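Listed below, chain by chain, are the residues.
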Amino acid sequence: MMGMTMESDSGEPGGIHHDTPRAMAINVLDNPVWHALTGPHRGLAIGNGRARHYPRDMAPFSAIAEPTEAAYADLAADLPANTEARLFRPGEEPVPRGWEELDCFPMLQMVASDVPDGGDTVGSLLSPADTAAMMDLVAATRPGPFGSRTPLLGRYLGVWHEGRLVAMAGERLRVPGHVELSAICVHPEARGKHYAIALTRQLMRLAVEAGELPFLHVRPDNVGAIALYERLGFATRRQLVVTWRRLK
């Protein structure tokens, strides 16, 4: 079942507005890119006012605080020419004047509150010196958006075999109290060795030890990945909408 949210009087998603850590956590996850770029990743953010962008060689995501014309005006101010804004939103929203929608699709947000027992530490910490090997693995597996500076967003762990990177997993969005796991991928020639499970569990353990809850995003039709994440202790919190919008 999808998580339920309510609209606040201010129009901010998130619903329950008590001054508690739990209420804050629900709110930041409803608009994760905004709360990453105005929180732990604010030093990386481009933009002002009610909109922010990641540098495109880190992540192709933008964010607005709320779906108002003023926020979209701020979004347009720092959007590179001929580039779409990829937004994570709590639900479907009208396309504002002067913009067009290029794509729109649902995305499940899954959160884990604990780490399953078992599993060895199979991954070693990757560094910027390993970027070329990471890009080769991404090209072979296509786990999702990944740029030359994506590894700077958090920790990335990898498994090497005969000098080649064959599996990796890392951290992307970071919001107060939570860290998103991303780029979980295994080279086709190394599948069947449970590297994805081991690396994900290892990152989950690091997050919990740091006082953070791991979360991730997955398309609803990726049933294999969803089943894997559920076995690891992730549960669907809610469905978000990813919308790609561009100035006309």
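Our subject is the structure that appears above.
Below you will find a few notes about this structure.

Calculation criteria
- Residues numbered from 1 in each chain as written.
- Predicted model: local features only at pLDDT ≥ 70, side-chain atom pairs only at ≥ 80, totals over all residues.
- Heavy atoms only, no water.
- Helix = DSSP H or I, 4+ residues; strand = E, 2+ residues; numbered from the N terminus.
- Salt bridge = Lys/Arg side-chain N within 4 Å of Asp/Glu carboxyl O.
- Buried < 20%, exposed > 50% of the residue type's maximum accessible area, 1.4 Å probe, protein only.
- Pairing = 2+ DSSP bridges.
- Contact = heavy atoms within 4.5 Å.
- Axes fitted to C-alpha atoms, helices over the stretch in contact; angles between N-to-C directions.
- Core = buried A, V, L, I, M, F, W, Y, C linked by side-chain atoms within 4.5 Å.
- Phe/Tyr/Trp six-rings, centres within 6.5 Å; stacked < 30°, edge-to-face > 60°.
- Lys NZ or Arg CZ within 6 Å of the ring centre and 35° of its normal.
- 1 Å grid on protein atoms, 1.4 Å probe; cavity = no way out; pocket = protein on both sides within 12 Å on 5 of 7 lines; lining within 4 Å.
- Points joined across faces, edges and corners; volume = space filled by probe spheres on them.
- Nonpolar A, V, L, I, M, F, W, Y, C, P; charged D, E, K, R; others polar.

What follows covers unusual backbone geometry. For A183, which is not glycine, the phi dihedral falls at a positive 55 degrees. Checked against the element boundaries, A183 lands in strand β8 (residues 178-186).

Following the criterion strictly, the structure yields 14 salt bridges and no others. Note that D30 is salt-bridged to R237, the shortest N-O span being 2.8 Å. Here R237 lies in strand β10 (residues 234-247) and D30 lies in helix α1 (residues 21-30), a separation of 207 residues in the sequence. Owing to a relative accessible area of 15%, R237 belongs among the buried residues under this scheme. Across the salt bridge formed by R97 and E69, the nearest N and O atoms sit 2.9 Å from each other. Here R97 is found in the loop between β3 (85-89) and β4 (99-112), whereas its partner E69 is found in helix α3 (residues 69-77), with 28 residues between them in sequence. The exposure class of R97 is exposed, given its relative accessible area of 69%. Several salt bridges share partner residues, and in doing so they unite R155, E171, R174 and E212 into one network.

The next thing to look at is the sheet that holds strand β1 (residues 51-53). Reading across from one edge, β1-β2-β3-β10-β4-β9-β8-β7-β6-β5 is the order of the ten strands in this open sheet, with mixed pairing throughout. Both edges of this open sheet fall to β1 and β5 (124-125), since each of them pairs with a single strand only. Where strand β2 (residues 61-64) and β3 come together, two bridges link them in parallel fashion. Looking across to β3, one finds that F61 is bridged to R86. Relative to strand β7 (residues 164-175), helix α4 (residues 131-141) is tilted by about 95 degrees, and along the sheet it contacts β6 (156-161), β7 and β8.

This paragraph deals with the nonpolar core. In this structure, M110, Y195, M204, V218, Y229 and F234 are the most contacted members of the largest nonpolar core, which totals 27 residues. Every element with two or more residues in this core is listed here: β4, β6, β7, β8, α5 (195-209), β9 (213-218) and α6 (223-231). No other element matches the six residues that α5 contributes to this core. In this view, F234 contacts M110, V111, A112, L181, T200, M204, P214, F215, L216 and Y229; residues no more than four positions away in its chain are not counted. Residues A63, A65, V175 and V242 belong to the second largest nonpolar core, which totals 22 residues.

Here we take up the packing of aromatic side chains. Across all of its chains, the model carries four aromatic pairs by this definition. Ring centres of F146 and Y156 lie 5.8 Å apart, and the angle between their planes is 90 degrees; on these two criteria the pair is classed as edge-to-face. In this pair, F146 is assigned in the loop between α4 and β6 and Y156 in strand β6, connecting sequence segments ten residues apart. Accessibility assignment for this pair places F146 and Y156 in one class, buried. Directly above the aromatic system of W244 lies the positively charged group of R86, at a separation of 3.8 Å from the ring centroid.

Moving on, we come to the layout of surface pockets. Quantified by volume, the largest pocket comes out at close to 860 Å³. As for the largest pocket, its lining consists of 37 residues, and the residues nearest its centre are P143, G144, H217, N222 and Y229. Ranked by the residues each element gives to the lining of the largest pocket, the list is headed by β8, at seven residues. Class assignment for the residues of the lining of the largest pocket results in 23 nonpolar, seven polar and seven charged.

In terms of strand pairing, β3 meets β10 through five bridges, oriented antiparallel. Looking at β10, one finds that R86 is bridged to W244. Here β4 pairs with β10 via 13 bridges, running antiparallel. Looking at the pairing, A112 lines up with F234 of β10.

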